[in-house]
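# Remarks on the overall topology
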Amino acid sequence: MAVNLSAIKDLLLPGLRGIEGKYEQIPSQYDKIFAKHNSKMALERTAEMRYLGYAQLKTEGGQTSFDNNAGERFVYNQEHNEIGLGYAITRKAIDDNLYKTQFAPSNLGLIESFSQTKEIYAANVLNTATTYNANIGGDGKALCATDHPIDGGTVANKPTTDVELNESTLLNAMISIRTNFKDQAGLKIFARGRRLVIPPQLEPVAIRLTKSELRPGTSDNDVNAIMMTAGGLSEGYIVNDYLTDTNNWFLLTNIDGLAYMERVKFESDMQVDFVTDNLLVKGYERYSFGYYNWRSIFGSFPT
């Protein structure tokens, strides 16, 4: 049913001091986690390739070793969602509303609704990072797993036993990214932790870990090794208000792999229904959040 006179009955009479209900919105957070890409396809696919492995020792007069195992390994899929929302408001509710500047019939918070919906979809990639999604495909593992397959072995981007965020576990994660991340052929890659992503409940911990010049939580006069180990956290930390678990934490790396793909930008439209005279307002956009490289993130999921 359309927004009608009964829904705004107090706006029909003079004497209201003001109207409340709109609030300052949380600044965009998804764009600090995901890289934006424009999309021209209904389904975007990214193939992960295997390049050459290590060079081999050659004996005098002997044959040169050949590595003919290069080629496609995994394909990651990202299919876009259609997002829409609208409302209808009667002509009488528009005509008789005495507070149109404060309760504008053409602006009941459509942009805010779409913005927060987008944040929820973005955070869902991290909230479900330990659950494999067959629609994404890839290497057959969840975004964060202990056994991502590469030729001749596996690589982890989460601890074998999930651990809470503290100085030791953060340093171990930063070192693990540097020492263990490899390409499909098993060659070491230049991978470094760059930004810590946490829920609001872990912000006090993150402040102590990343803002202290000296070693956090001790009376020692040691320097804070977090700021320099494996390149340090060059981009500090970010609090994501849409993470659903109060204990999970993530390290973003310098490797691209978390993607926001925009198929259709946000657009809005309005028209008057010829039969009812109702004002119809709606918004629409089409996008998806996903990933195509697990090396872009390290996560821990303690209970």
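Refer to the structure presented above.
Source: prediction; values computed, not measured. (Residues numbered from 1 in each chain as written. Predicted model: local features only at pLDDT ≥ 70, side-chain atom pairs only at ≥ 80, totals over all residues. Heavy atoms only, no water.)

Okay, the overall build of the protein chain next. For the protein chain, the helix and strand inventory stands at 4 helices and 12 strands. Against the 2.2 N^0.38 benchmark of 19 Å for 303 residues, the protein chain shows a C-alpha radius of gyration of 26 Å, more extended than a compact globule. For the C-alpha atoms alone, the extent of the protein chain along its principal axes is close to 95 × 55 × 30 Å. Considering the protein chain as a whole, with its 303 residues, one finds that 41% of them fall into the buried category. In the protein chain, 78% of the contacts between residues at least 6 apart in sequence involve partners at least 24 apart. Accessible surface computed for the protein chain: about 17,100 Å², of which carbon and sulfur atoms make up 51%. (Helix = DSSP H or I, 4+ residues; strand = E, 2+ residues; numbered from the N terminus. Rg over C-alpha atoms; globule rule 2.2 N^0.38 Å. Buried < 20%, exposed > 50% of the residue type's maximum accessible area, 1.4 Å probe, protein only. Contact = heavy atoms within 4.5 Å. Areas by Shrake-Rupley, 256 points an atom, 1.4 Å probe, with all protein chains shown as cover.)

Core analysis: the biggest nonpolar cluster contains 62 residues, and Leu143, Leu170, Leu196, Trp249 and Leu251 have the highest contact counts within it. Beyond its immediate stretch of four places on either side in the chain, Leu251 contacts Leu170, Ala173, Met174, Ile177, Arg195, Leu196, Leu233, Ser296, Ile297 and Phe298. (Core = buried A, V, L, I, M, F, W, Y, C linked by side-chain atoms within 4.5 Å.)

Any aromatic ring pair is given by two values, namely how distant the centres are and how the planes are angled relative to each other. As enumerated under the stated definition, the model contains 11 aromatic pairs in all. Ring centres 5.1 Å apart and planes at 70° place the aromatic pair Phe34 and Phe289 in the edge-to-face group. Here Phe289 lies in strand E11 (residues 279–291) and Phe34 lies in the segment before strand E1 (35–38), a separation of 255 residues in the sequence. Relative accessible area serves as the criterion here: at 5%, Phe34 is assigned to the buried category. A relative accessible area of 12% places Phe289 in the buried class. Consider the rings of Phe250 and Phe301, whose centres lie 5.4 Å apart with planes at 75°: the pair is edge-to-face. Taken together, the residues Phe250 in strand E9 (residues 249–253) and Phe301 in the segment after strand E12 (297–300) connect sequence positions 51 residues apart. Across this residue pair, the class does not change: Phe250 and Phe301 are buried. Joined through ring pairs, the aromatic side chains of Tyr30, Phe34, Tyr121, Tyr260, Tyr287 and Phe289 make up one cluster. Residue placement shows Lys118 over the ring face of Tyr287; its charged tip is 5.0 Å from the ring centre. (Phe/Tyr/Trp six-rings, centres within 6.5 Å; stacked < 30°, edge-to-face > 60°. Lys NZ or Arg CZ within 6 Å of the ring centre and 35° of its normal.)

Looking now at the environment of Thr46. If you trace the backbone, Thr46 turns up in strand E2 (residues 43–50). Taking the relative accessible area as the measure of exposure, Thr46 reaches 24% and is therefore partly exposed. Note: C-alpha distance between Thr46 and Glu167 (121 residues apart in sequence) is 36 Å.

Over its 18 residues, helix H2 (residues 110–127) runs 25 Å from end to end, which matches the ideal 26 Å to within 8%, given 1.5 Å per residue. The complete set of buried residues in H2 reads Leu110, Phe114, Lys118, Glu119, Ala122, Ala123, Val125 and Leu126. (Expected span 1.5 Å × (residues − 1).)

Take the sheet that holds E9 next. Across the sheet, 4 strands lie side by side as E8-E7-E9-E12; this open sheet has mixed pairing. Among the strands making up the open sheet, the edge pair consists of strand E8 (237–239) and E12. Geometrically, the sheet is characterised by an average inter-axis angle of 20° between neighbouring strands, direction not taken into account. Sheet topology note: the strand E7 (residues 193–198)/E9 ladder contains 4 bridges and is antiparallel. Of the residues in E9, the one forming a bridge with Leu196 is Leu251. Of the strands in this sheet, E7 and E8 touch helix H4 (residues 203–211), which is tilted by about 165° from E8. (Pairing = 2+ DSSP bridges. Axes fitted to C-alpha atoms, helices over the stretch in contact; angles between N-to-C directions.)

Turning our attention to the side chain of Ser288. Residue placement: Ser288 occurs in strand E11. Within the local environment of Ser288, its side chain forms a polar contact with the side chain of Gln78, the two groups lying 3.1 Å apart. (Polar contact = N/O pair within 3.5 Å; in protein donor to acceptor, adjacent residues only side chain to side chain.)

This model, assessed by the stated rule, comprises 12 salt bridges. In this structure, Lys32 and Asp31 form a salt bridge, with 3.8 Å as the shortest nitrogen-oxygen distance. In this structure Lys32 comes out as partly exposed when scored by relative accessible area, which is 37%. Given a relative accessible area of 42%, Asp31 falls into the partly exposed group. Close ionic contact of Arg195 with Glu235 constitutes a salt bridge, the shortest N to O distance being 3.2 Å. Of this pair, Arg195 sits in strand E7 while Glu235 sits in the loop between H4 and E8; the two residues are 40 residues apart in sequence, bridging distant segments of the chain. Accessibility expressed as a relative area gives 15% for Arg195, which makes it buried. Connected through salt bridges with shared partners, the residues Arg50, Asp67, Arg73 and Asp151 form a single ionic network. (Salt bridge = Lys/Arg side-chain N within 4 Å of Asp/Glu carboxyl O.)

So far we have only geometry, and geometry alone does not tell us how the molecule works.
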